[in-house]
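Architecture and fold: a report
Here's the letter readout for the chains.
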Amino acid sequence: MRHIQGLRPVTLLAVLATLAAQGCLFSPEQKPPKPDIPFEYAGQFAPEATLLTMLQAYERRDSLKTADVYDVEYTGGSVDPSGIVGNFSFTKVDEVRHVGRLKLDPDIVSVQLDFGNQTTWQRTPADAADPPEWAQIQINFATIRVDDIGASTFESSNQALTYVFKPYQNAPGDTTWTIIRWSEIVTNPPPI
């Protein structure tokens with residue numbers, strides 16, 4: 001019994017000595033870890049906010065948020081009048097996979113998508129063939145840059161873009177917008 005009681009103070013002293021060597025948890029020198037603050041996207045309450053959210057998700061390489069922004073019936077198209085690059089069409093799945101690839105590729109170190117100052121974004125009425133509640137935003141100048149240390153930096157700029165938005169009425173006064181269509185006219189194709 002005495003042997004067990006004799007170990008307790010020794011064990012307690014060892015624990016205290018270890019804690020003292022590491023510094024007291026309540027000491028002013030010890031700073032508590034800072035919690036990660038989640039990123040807040042612009043939202044989808046208006047076409048402009050939805051477009052900004054798409055830009056933020058692209059640059060953050062967030063495929064989950066990208067999936068939220070694009071409508072299930074989304075179609076995208078890229079037209080190159082010069083014929084150098086060619087014409088392409090895209091679906092929502094293509095857009096989400098593209099952003100996911102940007103995230104998973106260890107050689108891609110940064111992604112930038114610049115549509116210029118938001119005051120230059122031109123919101124226009126929907127096309128005559130679209131439902132009247134839809135909206136569109138035209139971007140007259142855009143730059144995309146993908147820094148890939150395994151290959152080379154890809155940069156393309158000076159493109160005319162049009163995004164078309166579809167509203168969803170969640171409740172009275174609560175509307176969520178998604179991107180239903182995108183079109184691009186490539187005016188300065190990158191060299192092949």
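Figured I'd write up the structure that's included with this text. All values derive from a computational prediction rather than experimental measurement.

1. Points about the overall build of the protein
- Counting its secondary structure elements, the protein contains 4 helices and 9 strands.
- N-terminal to C-terminal, the α/β element order of the protein is α-α-α-β-β-α-β-β-β-β-β-β-β.
- Relative to its full complement of 192 residues, the protein shows a buried share of 33%.
- Contacts spanning at least 24 positions in sequence make up 58% of the contacts within the protein whose residues lie at least 6 apart.
- Carbon and sulfur atoms make up 59% of the accessible area of the protein, which amounts to about 12,600 Å² in all.

2. Here we look at the nonpolar core
- Leu51, Met54, Phe115, Ile139, Tyr163 and Ile179 are the most contacted members of the largest nonpolar core, which totals 26 residues.
- Looking at this core, the elements with two or more residues in it are α2 (47-60), β1 (70-79), α4 (92-104), β3 (108-114), β5 (135-139), β6 (143-148), β8 (159-171) and β9 (174-186).
- Top contributing element to this core by residue count: α2, with 4 residues.
- Setting aside chain neighbours within four positions, we find Phe115 in contact with Leu51, Met54, Leu55, Thr120, Trp121, Ile139, Phe141, Ala142, Leu161 and Tyr163.

3. Topic: the side chain of Thr143
- One can find Thr143 in strand β6.
- Every residue in contact with Thr143, bar those within four places of it in the chain, is listed here: Gln112, Leu113, Asp114, Glu155, Ser156 and Ser157.

4. Structural notes on unusual backbone geometry
- Of note in the backbone geometry, Arg61 takes a positive phi value of approximately 60° without being a glycine.
- Looking at the secondary structure, you find Arg61 in the loop between α2 and α3 (63-69).

5. Considering α2
- Over its 14 residues, α2 runs 20 Å from end to end, which matches the ideal 20 Å to within 8%, given 1.5 Å per residue.
- α2 sits mainly inside the fold: 10 of its 14 residues count as buried.
- For α2, the full list of buried residues reads Pro47, Ala49, Thr50, Leu51, Thr53, Met54, Leu55, Gln56, Ala57 and Tyr58.
- At the exit of α2 stands Arg61, carrying a positive phi of roughly 60°.

6. Some remarks on the sheet that holds β9
- In space, the 6 strands of this open sheet follow the order β2-β1-β9-β8-β5-β4, with mixed pairing throughout. Each end of this open sheet is capped by a strand with a single partner; those strands are β2 (88-91) and β4 (122-125). Direction aside, the axes of adjacent strands within the sheet are offset by 20° on average.
- The pairing of β1 with β9 spans 6 bridges and is parallel.

7. Some thoughts on the sheet that holds β3
- The sheet built from 3 strands is open, its strands ordered β3-β6-β7 with antiparallel pairing. Bordering the open sheet on either side are β3 and β7 (154-157), each of which pairs with just one other strand. Across the sheet, the mean angle from the axis of one strand to that of its neighbour is 5°, orientation sign disregarded.

8. Some thoughts on the side chain of Glu184
- On the secondary structure map, Glu184 appears in strand β9.
- Buried charged residue Glu184 carries no salt bridge. Nearest counter-charge: Arg181, at 14 Å.
- A distance of 2.4 Å separates polar atoms of two side chains, one belonging to Glu184 and the other to Ser78.
- Ignoring any residue separated from it by four or fewer positions in sequence, one finds Glu184 in contact with Gly77, Ser78, Val79, Gln159, Ala160 and Leu161.

9. Quick notes on the pattern of salt bridges
- On inspection of all chains with the given rule, the structure shows 7 salt bridges.
- Note that Asp68 and Lys65 form a salt bridge whose closest N and O atoms lie 3.7 Å from each other. Taken together, the residues Asp68 and Lys65, both in helix α3 and 3 residues apart, mark about one turn of the helix.
- By relative accessible area, which is 42% here, Asp68 ends up partly exposed.
- In this structure, Asp130 engages Arg181 in a salt bridge whose closest nitrogen and oxygen atoms are separated by 2.6 Å. Of the two residues, Asp130 sits in the loop between β4 and β5 while Arg181 sits in strand β9, which places them 51 residues apart along the sequence.
- What makes Arg181 partly exposed here is its relative accessible area of 24%.
- Linked through salt bridges whose partners overlap, the residues forming this network are Asp127, Asp130 and Arg181.

About the criteria used
Residues numbered from 1 in each chain as written. Predicted model: local features only at pLDDT ≥ 70, side-chain atom pairs only at ≥ 80, totals over all residues. Heavy atoms only, no water. Helix = DSSP H or I, 4+ residues; strand = E, 2+ residues; numbered from the N terminus. Buried < 20%, exposed > 50% of the residue type's maximum accessible area, 1.4 Å probe, protein only. Contact = heavy atoms within 4.5 Å. Areas by Shrake-Rupley, 256 points an atom, 1.4 Å probe, with all protein chains shown as cover. Core = buried A, V, L, I, M, F, W, Y, C linked by side-chain atoms within 4.5 Å. Expected span 1.5 Å × (residues − 1). Pairing = 2+ DSSP bridges. Axes fitted to C-alpha atoms, helices over the stretch in contact; angles between N-to-C directions. Lys, Arg positive; Asp, Glu negative; His and termini not counted. Salt bridge = Lys/Arg side-chain N within 4 Å of Asp/Glu carboxyl O. Polar contact = N/O pair within 3.5 Å; in protein donor to acceptor, adjacent residues only side chain to side chain.

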